[in-house]
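Structural features, examined
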Amino acid sequence: MRSGIGFDFHRLVEGRPLVLGGVHIPCSRGLLGHSDADALIHAVCDALLGAAGLGDIGLHFPDTDPRFQGASSLRLLATCRGLAAERGLTVVNVDAVILAEAPRMAPYRLLMQTNIAGALDLPADRVNIKATTMEACGPVGRGEGIGAMATVLLTAGEQGPAA
Ligand code: MG
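Below, the structure is looked at part by part.

Conventions adopted
Residues numbered from 1 in each chain as written. Predicted model: local features only at pLDDT ≥ 70, side-chain atom pairs only at ≥ 80, totals over all residues. Heavy atoms only, no water. Donors = N, O, S within 2.8 Å, 3.2 Å for Na, K, Ca; no water. Helix = DSSP H or I, 4+ residues; strand = E, 2+ residues; numbered from the N terminus. Expected span 1.5 Å × (residues − 1). Phe/Tyr/Trp six-rings, centres within 6.5 Å; stacked < 30°, edge-to-face > 60°. Buried < 20%, exposed > 50% of the residue type's maximum accessible area, 1.4 Å probe, protein only. Pairing = 2+ DSSP bridges. Axes fitted to C-alpha atoms, helices over the stretch in contact; angles between N-to-C directions. 1 Å grid on protein atoms, 1.4 Å probe; cavity = no way out; pocket = protein on both sides within 12 Å on 5 of 7 lines; lining within 4 Å. Points joined across faces, edges and corners; volume = space filled by probe spheres on them. Nonpolar A, V, L, I, M, F, W, Y, C, P; charged D, E, K, R; others polar.

1. Considerations on the coordination of the magnesium ion
Around the magnesium ion, the protein supplies Asp8 (OD), His10 (NE2) and His42 (ND1) as donor atoms, at distances of 2.1 to 2.2 Å. All donors of the magnesium ion come from a single chain, and their spacing in sequence reads D-x1-H-x31-H. Residue Asp8 is located in strand β1 (residues 2-14), and its partner His42 is located in helix α1 (residues 39-52); the two are separated by 34 residues in the primary sequence.

Okay, structure coming up:
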């Protein structure tokens, strides 16, 4: 078994769609970034790459590379899964938390879990997404951006333990 952690943060700006966990969330502002700026998926990618000993998301998908401009982060996550699979590593489970003052994430949690599970070829119950506010404190609390942290557990072999 190998565990990894990931963290990401993106600024909220006007004129961008808000995409988290591959879900387009209705919001007057969205996250700024080179790809679709999906901070949740980026945290999961980093946790997966970390568990596999494969560096981080910036190493594999540099924000200077035009191929990744506007890229779907779910596609990047599927690529990360493939990189781990090349090393004989399979995802057991994902746990993550979104740090956002607004909008409320509860209506989108299940869809995020389904999207992430789909990109990782996992049953949806192996992916858990949570959300919290920052009680109006700090950059997240002031609505300046949205963060996410994640853990991923990998196991050697084709299949993880039975659910
Ligand atoms: Mg990012």
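2. Section: α1
Along its 14 residues, α1 runs 20 Å from first to last C-alpha, staying within 8% of the 20 Å computed at 1.5 Å per residue. Immediately beyond the C-terminal end of α1, within one or two residues, lies Gly53, with a positive phi of roughly 70°.

3. Section: the packing of aromatic side chains
The full count for this structure, using the stated rule, is 1 aromatic pair. With a centroid separation of 5.3 Å and an interplanar angle of 85°, the aromatic rings of Phe61 and Phe68 are classed as edge-to-face. This pair shows no difference in class: Phe61 is buried, exactly as Phe68 is.

4. Concerning the sheet that holds strand β5 (residues 89-99)
Pairing is mixed across the open sheet formed by 5 strands, whose spatial order is β4-β1-β7-β5-β6. Edge strands, defined here as strands with exactly one partner in the open sheet, are β4 (29-31) and β6 (127-132). In this sheet, neighbouring strand axes are inclined to one another by 25° on average, regardless of whether the strands run parallel or antiparallel. Inspection of the sheet shows β5 paired to strand β7 (residues 145-156) by 10 bridges, in the antiparallel sense.

5. Some points on the layout of surface pockets
Put simply, the second largest pocket is a space of about 250 Å³. Lining the second largest pocket are 15 residues, with His10, His42, Ile57, Phe61 and Asp63 positioned closest to its centre. Elements that contribute at least two residues to the lining of the second largest pocket include exactly β1, α1 and α2 (57-60). In terms of residues, the lining of the second largest pocket owes the most to one element, β1, which gives 3 residues. Residues of the lining of the second largest pocket, tallied by class, amount to 6 nonpolar, 6 polar and 3 charged.

In short, geometric facts, not functional conclusions.
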